[in-house]
Amino acid sequence: MPAFDNMPDMELYQPVQIDDALALAARLAERGWLVGGGQDTYGWIKDRNKRPEALIDLNGIESLRGVRETENGIEIGALTTLTEVATNPIITQRYALLSKAASVVASPQIRNAGTLAGNLAQDVRCWYYRRGLDCYRAGGNLCYADTPEAQNREHAIFNASRCVAVTPSDTAPALVALEAQMVITSTSGQRVVAAEDFFVGPDVNIESTTVLRDGEILTAVRIPAKWANAEFYYEKVADRNVWDFALVSIAGAMRIEGGNIVESSLVCGAVQCTPRRLTSVERAIQGRPRNEATATMVAGMASQGARPLNQNAFKMPLMDNLVTKLLTA
Amino acid sequence: MTPRLTRRRFIKSVIFSGAALSSGAGFYLASAQTRPSGGVERLVSLSINGRTRRVDVMPQETLAHTLRYKLGLTGTKIGCNRGECGSCTVTINDVTHYACSTLTHSVKGKEVVTVEGLRAADGTLHAVQQAFIDELSPQCGFCTPGQIMSAVALLKTNPRPTRDEARQALSGNLCRCGAYDHYLNGVMRASGQLS
Ligand SMILES: Cc1cc2nc3c(=O)[nH]c(=O)nc-3n(C[C@H](O)[C@H](O)[C@H](O)COP(=O)(O)OP(=O)(O)OC[C@H]3O[C@@H](n4cnc5c(N)ncnc54)[C@H](O)[C@@H]3O)c2cc1C
Ligand code: SF4
Ligand code: FES
Ligand code: FES
């Protein structure tokens with residue numbers, strides 16, 4: 001499995017109008033590959049483990065950038081960089097959960113280039129798959145991460161179906177918690193999908209982590225006013241602070257009235273292939289104060305039903321401890 | 001080929017001529033093919049260190065490749081070539097980017113600055129370069145151009161950063177020698193906060 005310095009010969013298109021990009025995406029279909037910041041893309045291509053014939057660089061399309069206020073919340077252009085998402089005043093003031101999540105992705109340089117769409121649509125980080133092995137996700141018929149000797153410390157503890165890879169995106173749990181809507185456009189029109197339904201596990205589609213199909217472009221992310229200025233908690237636990245994917249992350253939004261949590265939306269990253277909504281915990285803490293006693297009451301609930309692999313049982317107490325921190329912060 | 005030809009010059013000539021007999025240059029050759037491809041024009045004008053440079057750029061070529069192997073600007077280092085070390089850091093419109101993970105075609109119409117573009121016309125070093133010398137910041141020096149570019153970009157937007165802000169700004173630049181604190185001393189000196 002050699003690693004190369006250069007990418008092989010490819011076509012490159014740099015449309016400046018969204019309509020041209022959509023036409024190209026439709027025409028090239030599976031031969032083409034959309035590029036935002038390219039930070040997830042170039043490694044695949046340098047390693048020759050994905051071989052698109054044409055790149056469609058979306059960066060010239062100004063209409064896909066920036067943050068706009070809408071009647072019911074805000075709309076973030078899909079090509080907005082992670083640095084912009086992390087520092088934009090509207091997002092930091094009203095949806096600090098998302099700006100915090102964006103600020104802990106990878107490294108400053110990767111956030112300067114990486115886009116929100118690319119962060120959400122990025123592929124899983126299972127090293128067997130990334131090194132080009134023909135596992136289930138690559139169209140083969142075995143999972144290298146789920147064998148007795150496998151290195152699976154970073155893999156899934158929930159909802160595995162043949163593939164045990166986890167969602168790598170730091171912004172995905174925040175957007176699911178904020179009940180964001182994904183605006184997906186193609187030459188045949190537009191569809192709007194709830195963030196929770198945008199991400200799919202291997203039981204639904206083992207070759208893609210999202211509902212995006214060839215020819216479709218994620219053009220915007222809408223965040224409803226519902227959770228604006230709510231109480232937020234975000235934490236990512238990783239082996240190192242830079243360039244590293246979450247071992248477990250938690251994103252939570254809570255509404256508190258009269259000292260009690262009236263509604264909450266709690267989501268963990270990196271425990272299964274999609275962001276995992278902690279619905280049992282949400283139900284249990286409803287109507288209770290955000291404090292130590294409530295945390296003790298729900299202790300162990302988040303990780304219930306987990307099926308750890310050989311090396312990742314530590315993710316269970318990690319999840320539970322993050323819920324405790326969220327409730328006692 | 002004469003035995004005196006250095007590796008770098010050999011690579012350079014391979015790319016310009018598009019033909020070499022040595023199999024050792026295989027992958028450079030493969031990517032230097034001139035077979036027609038759709039989309040972008042290969043001959044482009046780039047603004048590098050304030051000068052306009054005309055270059056023949058492959059569609060899939062990275063900025064690090066163009067800078068080092070076509071423009072001779074070898075101050076930009078390639079460490080990992082995968083966005084994991086920062087030794088290739090340059091600024092594009094004053095914002096830091098990994099040149100190894102940037103398509104050259106995406107910087108058309110933008111201002112690229114590499115470590116070679118920092119000193120003044122009379123040869124005076126940039127404040128960050130001078131401070132890094134004064135503070136003995138580098139150890140082996142391989143990561144230094146990248147550290148310098150991150151520090152320069154920081155001071156443009158935040159001329160008197162706290163040490164912690166500097167740490168954040170330089171966090172995308174790995175130093176295998178572990179000279180991090182010496183670089184931070186350099187940033188504090190360059191911003192006039194250490195004498
Ligand atoms: C060293 C390293 C460390 C990293 N660490 C982290 C981390 O800690 N956390 C994290 O979340 N990520 C991490 N990443 C992953 C990732 O590179 C970045 O998160 C980045 O946000 C990806 O965005 P991009 O725009 O560069 O993606 P691209 O590479 O441009 O795109 C990624 C995928 O999304 C598709 N895509 C892009 N734009 C669109 C669109 N508009 N519509 C539909 N599909 C689209 C592309 O076709 C591609 O399949 C890391 C990457 C590297 C190399
Ligand atoms: S976890 Fe998924 S991606 Fe990794 S080897 Fe198994 S099937 Fe492949
Ligand atoms: S060479 Fe570009 S980040 Fe390492
Ligand atoms: S000084 Fe040697 S890698 Fe930083």
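Please refer to the structure higher up on the page.
Residues numbered from 1 in each chain as written. Chains lettered and ligands numbered in written order. Predicted model: local features only at pLDDT ≥ 70, side-chain atom pairs only at ≥ 80, totals over all residues. Heavy atoms only, no water.

Asker: Help me out: how do you make sense of the overall build of chain A in this one?
Answerer: Secondary structure assignment for chain A yields 13 helices and 12 strands. Overall size of chain A, expressed as C-alpha extent along the three principal axes, is 60 × 55 × 35 Å. The buried share of chain A, taken over its 329 residues, is 57%. Put simply, 64% of the contacts in chain A that link residues at least 6 apart link residues at least 24 apart. Per element, the accessible surface of chain A, about 13100 Å² overall, is 47% carbon and sulfur. (Helix = DSSP H or I, 4+ residues; strand = E, 2+ residues; numbered from the N terminus. Buried < 20%, exposed > 50% of the residue type's maximum accessible area, 1.4 Å probe, protein only. Contact = heavy atoms within 4.5 Å. Areas by Shrake-Rupley, 256 points an atom, 1.4 Å probe, with all protein chains shown as cover.)

Asker: Whenever I open this one, the site of ligand 1 confuses me. Can you help?
Answerer: In the neighbourhood of ligand 1, 35 residues make up the surrounding shell, with Gly-36, Gly-37, Thr-41, Thr-115 and Asn-119 of chain A lying closest. This site is not confined to one chain, since residues near ligand 1 come from chains A and B. One nitrogen or oxygen atom from the side chain of Lys-236 of chain A is found 2.9 Å from an oxygen atom belonging to ligand 1. Between ligand 1 and Asp-244 of chain A, the relevant distance is 2.8 Å, taken from an oxygen atom to a main-chain nitrogen or oxygen of the residue. (Near = heavy atom within 4 Å. Polar contact = N/O pair within 3.5 Å; in protein donor to acceptor, adjacent residues only side chain to side chain.)

Asker: Could you clarify how one ought to interpret empty space enclosed by the protein in this entry?
Answerer: A water-sized probe rolled over the atoms picks out the places where empty space is left. Residues and elements named next belong to chain A. Here the structure, examined in full by the defined rule, presents five cavities of 30 Å³ or more. Counted as a void, the largest cavity has a volume near 90 Å³. Lining of the largest cavity is provided by 15 residues; of these, Cys-126, Cys-135, Cys-143, Cys-163 and Val-164 occupy positions nearest its centre. (1 Å grid on protein atoms, 1.4 Å probe; cavity = no way out; pocket = protein on both sides within 12 Å on 5 of 7 lines; lining within 4 Å. Points joined across faces, edges and corners; volume = space filled by probe spheres on them.)

Asker: Just checking my understanding: could you explain the sheet that holds strand β9 (residues 231–237) of chain A for this structure?
Answerer: Picture the strands of a sheet paired through backbone hydrogen bonds; they go either parallel or antiparallel. All names here are of chain A. In spatial order, the strands read β9-β10-β11-β12; together these four strands make up an open sheet with antiparallel pairing. Looking at strand neighbours, the two that pair on one side only are β9 and β12 (276–277), the edges of this open sheet. Each of β9 and β10 (248–257) touches helix α5 (residues 96–103); the most contacted strand, β9, lies at about 15° to it. Together, β9, β10, β11 (260–269) and β12 form the strand contacts of helix α13 (residues 315–328), whose direction differs from that of β10 by roughly 30°. (Pairing = 2+ DSSP bridges. Axes fitted to C-alpha atoms, helices over the stretch in contact; angles between N-to-C directions.)

Asker: In this structure, what is going on with the site of ligand 2? I would like to understand it.
Answerer: Residues and elements named next belong to chain A. Every one of the 13 residues lining ligand 2 counts as a neighbour, but Cys-126, Cys-135, Cys-143, Cys-163 and Val-164 are closest to it. Judged by the fraction of its atoms near the pocket grid, ligand 2 is located in the largest cavity. A per-class count over the shell around ligand 2 returns 11 nonpolar, one polar and one charged. (Sits in = over half its atoms within 2 Å of the grid points. Nonpolar A, V, L, I, M, F, W, Y, C, P; charged D, E, K, R; others polar.)

Asker: Which parts of the structure should I look at to understand the packing of aromatic side chains?
Answerer: By convention here, two paired aromatic rings are described through the distance between centres and the angle between planes. Residues and elements named next belong to chain A. Under the defined criterion, the tally for this structure stands at four aromatic pairs over all chains. For the ring pair Tyr-128 and Tyr-144, a centre distance of 6.3 Å and an interplane angle of 20° mean the geometry is stacked. Remark: Tyr-144 occurs in the loop between α8 (127–130) and α9 (171–177) and Tyr-128 occurs in helix α8; sequence separation between them is 16 residues. For Tyr-128, a relative accessible area of 16% translates into the label buried. Residue classification places Tyr-144 among the partly exposed positions, given a relative accessible area of 24%. Over the aromatic face of Trp-44 sits the side chain of Lys-50, whose NZ or CZ is 4.9 Å from the ring centroid. Across from the ring centre of Phe-158, 3.5 Å away, lies the NZ or CZ of Arg-276, which sits over that ring. (Phe/Tyr/Trp six-rings, centres within 6.5 Å; stacked < 30°, edge-to-face > 60°. Lys NZ or Arg CZ within 6 Å of the ring centre and 35° of its normal.)

By themselves, these are just geometric observations and shouldn't be taken as functional.
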